Amino acid sequence: MLLIRSFGDVMTALRERLTTAIARTGEYRGGLPPVTGELRTGLGARELADASGDFTEFPTASPTGRTETIRAAPESTYVPGRDLSGTMDVSDIRSRISGDPESLTDPALGEICRLQGYDRTPLLTDAQGVDSVVAAGGREFFRGVTDPRFAEEFKSGPYFPGRASWGIASGNGTYVTTAREVAQGYADGDPAGVIRMALRPDARITHYDALAGEHADWVSRMSDEYEQLEAMGKTPGVAARLQELDDQWWINEDIGRFAASRGYDAYDTGRGYPGGGDRHWVVLNRSALVVER
């Protein structure tokens, strides 16, 4: 049976989970890294700061004077996403969803990102190269990991589709921060665990609020179709479509998977740690990043 909830119920659940968002400790490579020291004391059970903008999607056009770093990149470095809805093998992807609440990875997201080409490695450059991308309109991010080898894996190893910590409702993916000092805390103060990067100016990005609205529209359309099909005779065709809708629901219930399947490279959660002065983003397309070696 398809467990479709109303948009109001979904949004209420999301708000409740956000107000008690506590990242688990330990080595965390995909979702939020461990919170240590002063950052942990600021988390508690407080609602995360929300400073969402009034935009629905960031501009995707690159500014003039594009950087030499971007121009020099091979055409295959950045793989733009596309809308995969209606083309994915939803039965296969649903079968990859892990039921283990302690799992740190999301194989279903990993398969979507593989289909998109998001699992390709980022463009590696020096500090000046990242500076030039930021100057051209790219967004500067930092990520802290508790083991430096995870930093190397992020730069050149297999793609790690992260699963957000329990209570984090802003979707699965790779969480990054706009503040170096916050990433430094994630890395337990070890500079070798801090990754500096920039998102390409031409990346397709959006805001969590806009994404949630897009998701709500999809839920409404799917719910209407499901109800219409249930009222019809249970022919093999109807049964097959109901099963497909059921699979789609479980895949897209996570907003990170939803964003990846719609071709977004990254999105702004609109939130950060209280008093931290940062913003958390979720990056889905690793090929859209220019990373400092």
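Residues numbered from 1 in each chain as written. Predicted model: local features only at pLDDT ≥ 70, side-chain atom pairs only at ≥ 80, totals over all residues. Heavy atoms only, no water.

Turning next to the overall build of the protein chain. Of the regular secondary structure elements, the protein chain holds eleven helices and nine strands. Expressed as a percentage of its 293 residues, the buried residues of the protein chain come to 53%. Taking contacts inside the protein chain between residues at least 6 apart in sequence as the whole, the part at least 24 apart equals 83%. When the accessible area of the protein chain is evaluated, it comes to approximately 12,800 Å², of which 51% is carbon and sulfur surface. (Helix = DSSP H or I, 4+ residues; strand = E, 2+ residues; numbered from the N terminus. Buried < 20%, exposed > 50% of the residue type's maximum accessible area, 1.4 Å probe, protein only. Contact = heavy atoms within 4.5 Å. Areas by Shrake-Rupley, 256 points an atom, 1.4 Å probe, with all protein chains shown as cover.)

Let us now look at the nonpolar core. The tendency in soluble globular proteins is for nonpolar side chains to be buried as a group. Ile112, Leu211, Ala260, Tyr267 and Leu284 are the most contacted members of the largest nonpolar core, which has 34 residues in total. Going through the elements one at a time, helix H4 (90-95), helix H5 (107-116), helix H9 (208-230), helix H10 (236-252) and helix H11 (255-261) are the ones with two or more residues in this core. Per-element tally for this core: the top contributor is H9, with eight residues. The next biggest cluster of nonpolar side chains, apart from the first, holds 18 residues, and it includes Phe150, Ala203, Ala266 and Val283. (Core = buried A, V, L, I, M, F, W, Y, C linked by side-chain atoms within 4.5 Å.)

Here we take up the pairing of strand S8 (residues 280-283). Taking every second residue as pointing to the same face, both faces of S8 are buried, with His280 and Val282 on one and Trp281 and Val283 on the other. With four bridges joining them, strand S4 (residues 174-177) and S8 adopt antiparallel strand pairing. Its bridge partner being in S8, Val176 is matched across the sheet by Trp281. Note that strand S7 (residues 266-272) and S8 share four bridges and pair antiparallel. If you follow Ala266 over to S8, its bridge partner there is Val283. (Pairing = 2+ DSSP bridges.)

Here the focus is the packing of aromatic side chains. The geometry of an aromatic ring pair is captured by the separation of the ring centres together with the interplanar angle, meaning the angle of the planes. This structure, assessed with the given rule, holds three aromatic pairs. Pairing Trp218 with Trp249 gives two aromatic rings, centres 6.3 Å apart and planes at 0°, and the pair type is stacked. Here Trp218 is found in helix H9, whereas its partner Trp249 is found in helix H10, with 31 residues between them in sequence. According to the relative accessible area criterion, Trp218 is buried, its value standing at 6%. According to the relative accessible area criterion, Trp249 is buried, its value standing at 1%. A connected cluster of aromatic rings, assembled from ring pairs, spans Trp218, Trp249 and Phe258. A cation sits over an aromatic face here: Arg204 above Tyr264, 4.0 Å from the ring centre. (Phe/Tyr/Trp six-rings, centres within 6.5 Å; stacked < 30°, edge-to-face > 60°. Lys NZ or Arg CZ within 6 Å of the ring centre and 35° of its normal.)

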